[in-house]
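Secondary and tertiary structure notes
So you can see what is in the structure, the chains are spelled out below.
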2 protein chains.
Amino acid sequence: MNHFRPVALEHASRLINHGPTVLITSAHGGHRNVMAAAWSMPVEFTPPRIAVVIDKKTFTRELVMAAGGFALCVPGAALADATFAVGCVSGREVPDKLVRFGLSAQPGPVLGMPVIEEGCCAWMECRLIPERHTEEAYDTCFAEVVAAAADERVFRNGRWAFSDAHADLHTLHHLGAGAFAVAGRTVQARSLG
Amino acid sequence: MNHFRPVALEHASRLINHGPTVLITSAHGGHRNVMAAAWSMPVEFTPPRIAVVIDKKTFTRELVMAAGGFALCVPGAALADATFAVGCVSGREVPDKLVRFGLSAQPGPVLGMPVIEEGCCAWMECRLIPERHTEEAYDTCFAEVVAAAADERVFRNGRWAFSDAHADLHTLHHLGAGAFAVAGRTVQARSLG
């Protein structure tokens, strides 16, 4: 049973508000690829815009520039091994890195970018906003979210709702060298007035 | 007893690699301020460079632009209430927001920006890299880290090492509306070869 439900665009930035490590996919000219990215963030809620660092040496960057877009998929804890693995091998070295690491993807609804649902808790399709200077100087790519969805067991009514019942869907936060912090325990701030 | 130790600059980007919500401080012309920022990320390890979204309407942004720098402080779980609070009140409305919310700061070693150690697990002093277009279009400010330090109980040898013994120093990751995920449980990815 598939638990993914569309996320309203005004809530899309919340999917990465808490800094998860994500999978970036793209496809162009019969090729597709996936890489891991620890470095992404929202830059605007409305319209939903994000920034992500995609090294100019990567195959994914080449595909993103050619396609003018990408998908950002948020892996759950169950995908820790695959998330680390796709960050260690270049898409130029294997025919299809998604197949190589057991990731199944389908074309996204607006741009046709590969979106991963199995093992992930959310995804967004993003249209690149060309910003040549920051792409070159900082490998920082800006993009607008054009479609988003999330697993309703952990994200509903526009909010994350982590619970122990779905620990495999909790987000990963890369500390380095394959060690990830898992977002699980939550605290609610009290108002200091 | 103070457990803060200097962090080598080549390891500084790791302090925010896993996407914690941070406190941004700045000081200029006899004024200082602090705000919360969920949206920051490294963009380079060497030299250590970061990007952070600082809304152009904020008092902090005004100070950052005037001072040409800021400090990024990483609050521990014990500061959840204060982290949420400083994001809800403008520094234009109170004489000193740090005092108002019980945050103690000292001048950083290179730029003299206010660095917070009590309740925090790490900080970095950052020199703004002027990028007028992205500052205006996306409120995204780029900066180079010029000094960094972390609490050795949770960050040592260039790596985060969270343990239950110091749960108050675990990082906060804002989910929205004052709810934070706390980075605690960690998983180590196995190599998929």
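Remember, it's a predicted structure, so these values are computed and weren't measured experimentally.

This part takes up the overall build of chain A. Secondary structure assignment for chain A yields four helices and 14 strands. A globule of 193 residues ought to have a C-alpha radius of gyration of about 16 Å, and chain A, at 16 Å, matches this closely. Dimensions of chain A along its principal axes, counting C-alpha atoms only, are 50 × 35 × 30 Å. Counting the 193 residues in chain A, one finds 54% classified as buried.

Okay, the nonpolar core next. Membership of the largest hydrophobic core comes to 138 residues, with the highest contact counts inside it found for Trp123 of chain A together with Trp123 of chain B. Every residue in contact with Trp123 of chain B, bar those within four places of it in the chain, is listed here: Ala71, Leu72, Cys73, Val74, Val115, Ile116, Ala148 and Ala149 of chain B.

So, on to the pairing of strand β9 (residues 120-129) of chain A. All names here are of chain A. Burial analysis of β9 places seven of its 10 residues in the buried class, which makes it a mostly covered element. For strand β6 (residues 69-75) and β9, the ladder comprises seven bridges, and the chain directions are antiparallel. Across the sheet, Pro75 pairs through a bridge with Cys120, a residue of β9. As paired elements, β9 and strand β10 (residues 140-151) share eight bridges and run antiparallel to each other. Bridged to Ile129 within β10 is Phe142.

Here we come to the confidence of the model for chain A. Regions with low pLDDT should not have their predicted coordinates read in detail. The predicted model of chain A averages 96 in pLDDT, with 99% of residues at 70 or higher. Both confidence scores are given for the complex: pTM 0.97, ipTM 0.97.

Listed per partner, the contact involves 49 residues of chain A and 49 residues of chain B. Elements represented by at least two residues in the side of chain A that touches chain B include exactly β4 (40-44), β5 (49-53), α2 (80-86), α4 (132-138), β10, β12 (159-160), β13 (172-176) and β14 (179-188) of chain A. In terms of residue class, the side of chain A that touches chain B is made up of 27 nonpolar, 14 polar and eight charged. Relative to strand β14 (residues 179-188) of chain B, β14 of chain A runs antiparallel, the two being bridged by seven bridges. Within β14 of chain B, the residue paired with Ala179 of chain A across the bridge is Gln188 of chain B.

As a further point, take the sheet that holds β14 of chain A. Read across the sheet, four strands follow the order β13(A)-β14(A)-β14(B)-β13(B) without closing on themselves; strand pairing throughout is antiparallel. Strands with a single pairing partner mark the edges of an open sheet, and in this sheet they are β13 of chain A together with β13 (172-176) of chain B. Shown here is a sheet whose adjacent strand axes are inclined to one another by a mean of 45 degrees, direction ignored. Relative to β14 of chain A, β13 of chain A runs antiparallel, the two sharing four bridges. Paired with Leu172 of chain A across the two strands is Val182 of chain A, which belongs to β14 of chain A.

What counts and what doesn't
Residues numbered from 1 in each chain as written. Chains lettered and ligands numbered in written order. Predicted model: local features only at pLDDT ≥ 70, side-chain atom pairs only at ≥ 80, totals over all residues. Helix = DSSP H or I, 4+ residues; strand = E, 2+ residues; numbered from the N terminus. Rg over C-alpha atoms; globule rule 2.2 N^0.38 Å. Buried ≥ 20, exposed ≤ 12 C-beta atoms within 10 Å, placed from the backbone. Core = buried A, V, L, I, M, F, W, Y, C linked by C-beta atoms within 7 Å. Contact = placed C-beta atoms within 7 Å. Pairing = 2+ DSSP bridges. pLDDT = per-residue confidence, 0-100. Nonpolar A, V, L, I, M, F, W, Y, C, P; charged D, E, K, R; others polar. Axes fitted to C-alpha atoms, helices over the stretch in contact; angles between N-to-C directions.

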